[in-house]
Amino acid sequence: MSNDLEPMSTPQREDEGNFARLQTAGVPLGGVGAGCVELGRDGRFRNITINNNRSAASRIELSPGSFFAVRAARRGKVSVRILQPDSSLPFHDAGVVAPYTAMEQLGWRGLYPASHYRLEEKLFPLRVNWSAMTPIIPYDHEASTLPLAFISMYVHNPTDFPYDVSVLFNWENLCGCARDQFPERRGPIRPVVVISEHDSEQYRMQEGAEEDEKRPRLAGLEFGFRGEVRNNTEGNYCIVSKQQQEVQTTIMGWNERDPRELLVLWNQFHDVGQLGNKISRSQESHSGALCNAFTLPAQKGRSLVFVLAWHCPRHEVHGQDLGHGYANHFPNAVSVATQALTYYRYYFKAVEDWQSRILTSSMPRWFSKMLINNNYVFSTNALFTSGNAFTMMESLDDPVTGSLDRRFYGSLGSTLFFPNFDEGELALFGKLRDETDPGQIYRNLGVECLHEPNHGRTDKLVDVNVKFVLMVYRNYIMTGKRFILDHIYPRARKAMERVLECDNDGDGLPEQEGRSTTNDRWAVKGVCSYTCSLWIAAIRAYARLARRLNHKDEAKKYEDLLVKALKSFDDKLWDEENGYYRLWASEDPGDDPGNMAGACHTGQLAGQWYADFLCLGQLFPPEKVKRALAALCKLNDSPQGVARAKLPDGSACENPASLNLDPEAGTAWPGLDTGQFASLLICHGYADRGLFAVQKIYKNVHGRRGRVFNQPLEWDLESNDACGPGIDRHMTSPSIWHVLYAMEGFLLNVPDGALWLRPNLPKGVHQLSAPLFTPICFGWVKYREDDEKGYRQVVHLSFDSPVTLKTIVLCVPDEVEDVQVTCESNEGIEQVEHIFGYDGRERLMEIMPKRPILVGNLLKLSVHQIKGKRFQFA
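Residues numbered from 1 in each chain as written. Predicted model: local features only at pLDDT ≥ 70, side-chain atom pairs only at ≥ 80, totals over all residues. Heavy atoms only, no water.

The subject of this paragraph is the overall build of the chain. Regarding its fold elements, the chain presents 17 helices and 50 strands. Rg of the C-alpha trace for the chain: 29 Å, near the compact-globule value of 29 Å for 874 residues, within the 12% margin. By principal-axis analysis of the C-alpha atoms, the chain measures approximately 85 × 65 × 50 Å. Residues counted as buried form 64% of the 874 residues belonging to the chain. A fraction of 68% describes how many contacts in the chain between residues 6 or more apart in sequence connect residues 24 or more apart. (Helix = DSSP H or I, 4+ residues; strand = E, 2+ residues; numbered from the N terminus. Rg over C-alpha atoms; globule rule 2.2 N^0.38 Å. Buried < 20%, exposed > 50% of the residue type's maximum accessible area, 1.4 Å probe, protein only. Contact = heavy atoms within 4.5 Å.)

Turning our attention to helix H3 (residues 333-342). Most of H3 sits out of view: eight of its 10 residues are buried. Listed in full, the buried residues belonging to H3 are Ala333, Val334, Ser335, Val336, Ala337, Thr338, Ala340 and Leu341. At the N-terminal boundary of H3, the capping side chain belongs to Asn332, with an oxygen 3.3 Å from the backbone nitrogen of Val334. (Polar contact = N/O pair within 3.5 Å; in protein donor to acceptor, adjacent residues only side chain to side chain.)

Moving on, we come to a negative patch on the surface. There is a patch of like negative charges on the surface, built from Asp459, Glu513, Glu587, Asp588, Asp591 and Asp592. The exposure class assigned to Asp459 is partly exposed, which follows from its relative accessible area of 37%. (Patch = residues over 30% accessible without salt bridge, like charges linked within 9 Å, V, L, I, M, F, W, Y side chains within 5 Å. Areas by Shrake-Rupley, 256 points an atom, 1.4 Å probe, with all protein chains shown as cover. Salt bridge = Lys/Arg side-chain N within 4 Å of Asp/Glu carboxyl O. Lys, Arg positive; Asp, Glu negative; His and termini not counted. Charge placed at Lys NZ, Arg CZ, Asp CG, Glu CD.)

Another point: the sheet that holds strand E2 (residues 27-29). Overall, antiparallel pairing links the four strands, which are arranged E2-E3-E4-E5 in an open sheet. Lying at the two open borders of the sheet, with one neighbouring strand each, are E2 and strand E5 (60-62). Between one strand axis and the next, the sheet turns through 30 degrees on average, direction left out of account. (Pairing = 2+ DSSP bridges. Axes fitted to C-alpha atoms, helices over the stretch in contact; angles between N-to-C directions.)

This part is about the side chain of Ser79. Within the fold, Ser79 resides in strand E7 (residues 77-82). Not counting the four nearest positions on each side in its chain, Ser79 is found in contact with Val70, Arg71, Ala72, Phe124 and Pro125.

The mixed open sheet is built from six strands, whose spatial order is E7-E6-E12-E19-E17-E18. Sheet topology places E7 and strand E18 (278-279) at the edges, where each strand pairs with a single neighbour. Here strand E6 (residues 67-74) pairs with strand E12 (residues 163-172) via seven bridges, running antiparallel. By the bridge assignment for E12, Phe68 is matched with Phe169. Contacts from helix H2 (residues 259-272) reach E6, E7, E12, strand E17 (248-254) and strand E19 (287-296), with the element oriented near 165 degrees to E17.

What follows is about the pairing of strand E39 (residues 754-757). Remark: a regular strand shows side chains that alternate across the two faces of the sheet. Residues of E39 alternate between two faces, with Ala754 and Trp756 on one and Leu755 and Leu757 on the opposite face, all of them buried. Between strand E38 (residues 746-749) and the antiparallel strand that follows it, E39, lie four residues; Gly753 among them carries a positive phi value of about 65 degrees. Strand direction decides the pairing type here: E39 and strand E44 (residues 807-812), joined by four bridges, are parallel. Following the sheet pairing, Ala754 is matched in E44 by Thr807.

All told, the structure shown has 56 salt bridges when counted by the stated rule. Between Arg498 and Asp437 there is a salt bridge, with its nearest N and O atoms 2.8 Å apart. Here Arg498, found in helix H10 (residues 482-500), pairs with Asp437, found in the loop between helix H8 (419-431) and strand E26 (446-447); they are 61 residues apart in sequence, far enough to count as distant. Asp437 matches Arg498 in its accessibility class, with the two residues each being buried. The shortest N-O distance in the salt bridge between Asp786 and Arg784 comes to 3.1 Å. Owing to a relative accessible area of 12%, Asp786 belongs among the buried residues under this scheme.

At their nearest, the axes of helix H14 (residues 622-635) and helix H15 (residues 670-683) sit 11 Å apart, and the two run at 125 degrees to each other. With respect to each other, H14 and H15 are oriented oblique. Note that H14 runs across H15; the crossing there is left-handed. Where H14 abuts H15, its residues Leu629, Leu632 and Cys633 lie against Phe677, Leu680 and Leu681. (Parallel < 35°, antiparallel > 145°, perpendicular 65-115°, else oblique. Left-handed = near helix turned anticlockwise from the far one by under 90°.)

Right, let's talk about the packing of aromatic side chains for a bit. The tally for this structure, following the rule as stated, stands at 44 aromatic pairs. On the numbers, 6.1 Å between centres and 15 degrees between planes, the contact of Phe45 with Phe169 is stacked. Of this pair, Phe45 sits in strand E4 (residues 45-48) while Phe169 sits in strand E12; the two residues are 124 residues apart in sequence, bridging distant segments of the chain. Judged by its relative accessible area of 3%, Phe45 falls in the buried class. The class for Phe169 is buried, based on a relative accessible area of 0%. Summarising the aromatic geometry, the rings of Tyr409 and Trp609 are spaced 5.4 Å apart at their centres and angled 10 degrees between planes, so their arrangement reads as stacked. Remark: Trp609 occurs in helix H13 (residues 606-613) and Tyr409 occurs in helix H7 (residues 404-417); sequence separation between them is 200 residues. Judged by its relative accessible area of 0%, Tyr409 is buried. An aromatic cluster is defined as three or more aromatic residues linked by ring pairs; in this entry it consists of Tyr139, Trp354, Phe378, Phe384, Phe390, Phe417, Phe418, Phe421, Trp737, Phe773 and Phe778. One cation-aromatic arrangement involves Arg74 over Phe161; the distance from NZ or CZ to the ring centre is 3.9 Å. A cation over an aromatic ring shows up here: Arg302 above the ring of Phe294, its NZ or CZ 5.4 Å from the ring centre. (Phe/Tyr/Trp six-rings, centres within 6.5 Å; stacked < 30°, edge-to-face > 60°. Lys NZ or Arg CZ within 6 Å of the ring centre and 35° of its normal.)

In this structure, Phe150, Trp171, Phe468 and Trp737 are the most contacted members of the largest nonpolar core, which totals 269 residues. Sort the elements by how many residues they give to this core and helix H11 (residues 529-548) lands first, with 13 residues. Once residues within four sequence positions are removed from consideration, Phe468 is found in contact with Leu404, Leu426, Phe429, Gly430, Ile441, Ile488, Arg491, Ala492 and Ala495. Listed in part, the 19 residues of the second largest apolar core include Val80, Leu168, Trp254 and Leu265. (Core = buried A, V, L, I, M, F, W, Y, C linked by side-chain atoms within 4.5 Å.)

Detailed reading of the predicted coordinates is not advisable wherever pLDDT falls low. In the predicted model, the chain carries a mean pLDDT of 94, and 95% of its residues have values of at least 70. Scored below 50 in pLDDT, residues 7-17 shows 22 contacts in the model against residues more than four places distant or in partner chains. Confidence drops under pLDDT 50 across residues 199-213; counting only partners more than four residues distant or on other chains, this segment forms 30 contacts. (pLDDT = per-residue confidence, 0-100.)

This is the structure we're talking about:
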């Protein structure tokens with residue numbers, strides 16, 4: 001366990017309300033689409049959505065009676081701690097002074113998908129660390145959908161004397177429960193012992209069980225109903241522990257509201273360190289306790305592993321049972337727990353592996369934590385059905401699914417972690433058709449479902465089609481899967497044609513009207529720089545796909561269109577006086593245009609950002625891109641974030657009065673800003689400013705407001721707090737991966753066997769050691785450049801699985817006219833050629849081996865200047 005746990009004594013806060021908010025969102029624990037429980041700073045089980053109660057309106061805010069406790073006894077002296085600061089159990093009525101752990105005595109570190117704790121009380125004789133974890137593991141789709149949470153407890157005895165130790169896990173049966181819905185009948189509590197090593201269904205009651213030659217693999221309690229369930233909220237659950245020699249497991253089922261039964265439980269645990277193996281048969285008894293007891297020698301430690309698993313197979317939404325992917329593989333919660341404890345070492349190691357790749361890099365520590373934690377939406381927002389369909393709810397307060405226009409920003413996370421899920425979601429959008437408008441891609445798949453596609457609550461968004469095409473290109477380039485070309489490309493073609501139909505004047509740009517962009521509180525009319533810059537990137541990407549399929553006429557059509565569109569974009573939208581691309585422009589703005597047409601907005605060059613990411617080249621004049629970025633930094637940027645739109649004179653942006661809708665343009669959208677603003681800055685020579693923009697999000701959203709695992713769509717720059725719709729766990733947080741790609745200047749073009757590496761580092765930083773995340777495997781890069789004897793660049797590349805490279809593209813300074821290139825693979829020195837090029841802002845060098853290189857453990861590249869002006873770092 002890491003030593004950088006955060007003590008809970010004095011968290012930074014402005015008021016008690018903010019302090020309370022810090023407690024109400026924790027690390028979500030639960031597989032992709034399986035629902036989750038959250039464990040945060042206070043160690044309590046919160047925001048429970050395991051009963052198919054996935055929205056903010058239906059989730060269970062707090063499990064009232066669930067807790068962990070630890071006991072240490074020696075020669076009649078007993079020390080007991082409940083490992084959280086409070087609970088709703090009737091200790092007072094039972095005549096017991098509950099030994100809760102004060103907030104300042106809990107150390108906590110949330111690092112998705114794990115929540116780490118440490119007991120920091122000097123009076124307790126033993127050292128106690130525990131971690132809760134769900135196996136969210138890149139590329140392992142099956143493990144990552146398991147409906148469970150591990151709790152690993154480590155107890156160490158630093159003294160010179162042995163102690164009798166007991167650890168108790170109490171769980172309240174929540175079968176049939178949802179927010180404000182706690183039925184009395186929740187199903188029985190049953191003891192369980194699993195004997196078989198291979199058959200997870202061979203479990204039996206502990207009562208009357210005959211002795212078996214094989215030691216039980218796991219033991220614990222099962223809750224709820226087996227077989228048929230009556231509604232979404234019913235199912236079965238279990239808490240079990242892995243059995244070990246010299247560890248005694250005991251259980252108790254009891255009524256958590258009865259002070260007398262609480263007293264029995266507590267006296268058994270406190271006085272004896274074991275429970276009585278009795279289970280109440282009353283329907284009012286909803287709690288089950290599992291206790292592990294052992295003797296801990298001096299200077300020794302022991303680890304215990306518990307599992308909380310659930311199985312709620314029925315998930316009916318609007319008349320259709322979505323089911324669960326996990327129910328295809330497991331008949332009940334005990335079978336889930338059996339597999340979990342069979343492979344738990346792999347699960348823990350795999351999670352630690354991908355996290356450590358990020359944490360051991362040379363990137364700033366705060367940024368590494370953002371890269372890890374911003375993936376939490378896999379557990380909170382994802383749906384994964386029994387038909388293996390995957391999607392994300394936009395937010396839990398507004399659980400529309402898909403939301404392609406905003407999914408566009410955060411979907412890179414699922415592309416990298418779970419490419420099969422991401423591909424399936426994109427294919428689903430491509431498969432669905434609106435018969436009244438066949439070319440238009442749906443914005444949403446439904447509300448908490450995937451079978452009610454719609455175009456949203458506003459006008460149809462032109463940018464949805466454009467983003468769909470860019471995502472198709474992205475997924476093909478990053479995975480190389482032919483399926484994308486064969487099955488999704490035809491839909492991309494129709495989507496492009498539909499956008500072209502919006503080009504009313506033949507200038508190559510689509511016209512639009514009304515609330516028709518992802519900024520759906522803004523009214524636009526005419527050509528919009530946000531939509532059109534993305535459209536221009538999509539034209540180039542689509543033309544390249546068409547060329548790959550040998551659709552020469554189609555490719556030529558869009559290549560010619562690109563020239564026209566670029567000229568029109570510059571002519572119609574560039575504001576020379578103020579130095580940026582205005583929000584929209586129209587030859588006929590109407591009688592009541594509002595004043596937003598001339599606004600400077602953060603998405604004006606979203607197309608250039610995405611072109612940088614996909615190595616599509618410089619689209620817009622570099623000098624105008626720089627001026628536009630400077631205008632954004634001057635007009636829109638603030639200490640709390642970057643305002644979405646600002647007028648040059650500082651006045652408020654206004655929609656047409658007839659719309660009667662405040663555009664709220666002065667707020668920020670952090671999940672989008674990390675991409676189209678910060679990443680764009682990083683790629684265009686302002687790495688320091690771009691990283692600073694991301695760091696402000698970290699300090700304000702993660703730090704000051706404590707919303708690490710509850711990031712909103714919108715941020716109020718005046719109150720420096722979340723606001724507006726999408727306030728509860730918005731889907732865009734994984735957009736942070738775009739910042740990593742921008743910093744590394746990295747792209748692996750799988751079908752072409754081309755690797756791009758052009759790091760964009762802060763001033764004074766000339767080396768990078770960082771992970772490479774791709775949809776096909778992990779990698780690592782070590783990069784260094786110096787100017788001691790002319791310019792020199794050294795690159796070390798490695799991949800966990802062999803990657804075939806035919807081309808490597810690097811960036812060199814303009815002063816470098818020629819270089820000597822040395823390339824060494826596992827097979828020795830490789831013969832290579834190189835050529836130089838220029839994409840409008842960078843001097844690129846393409847290295848071409850005489851034969852394709854299979855890169856595995858290491859590829860070494862050394863580039864040394866042999867001709868040109870003397871280069872020196874500024």
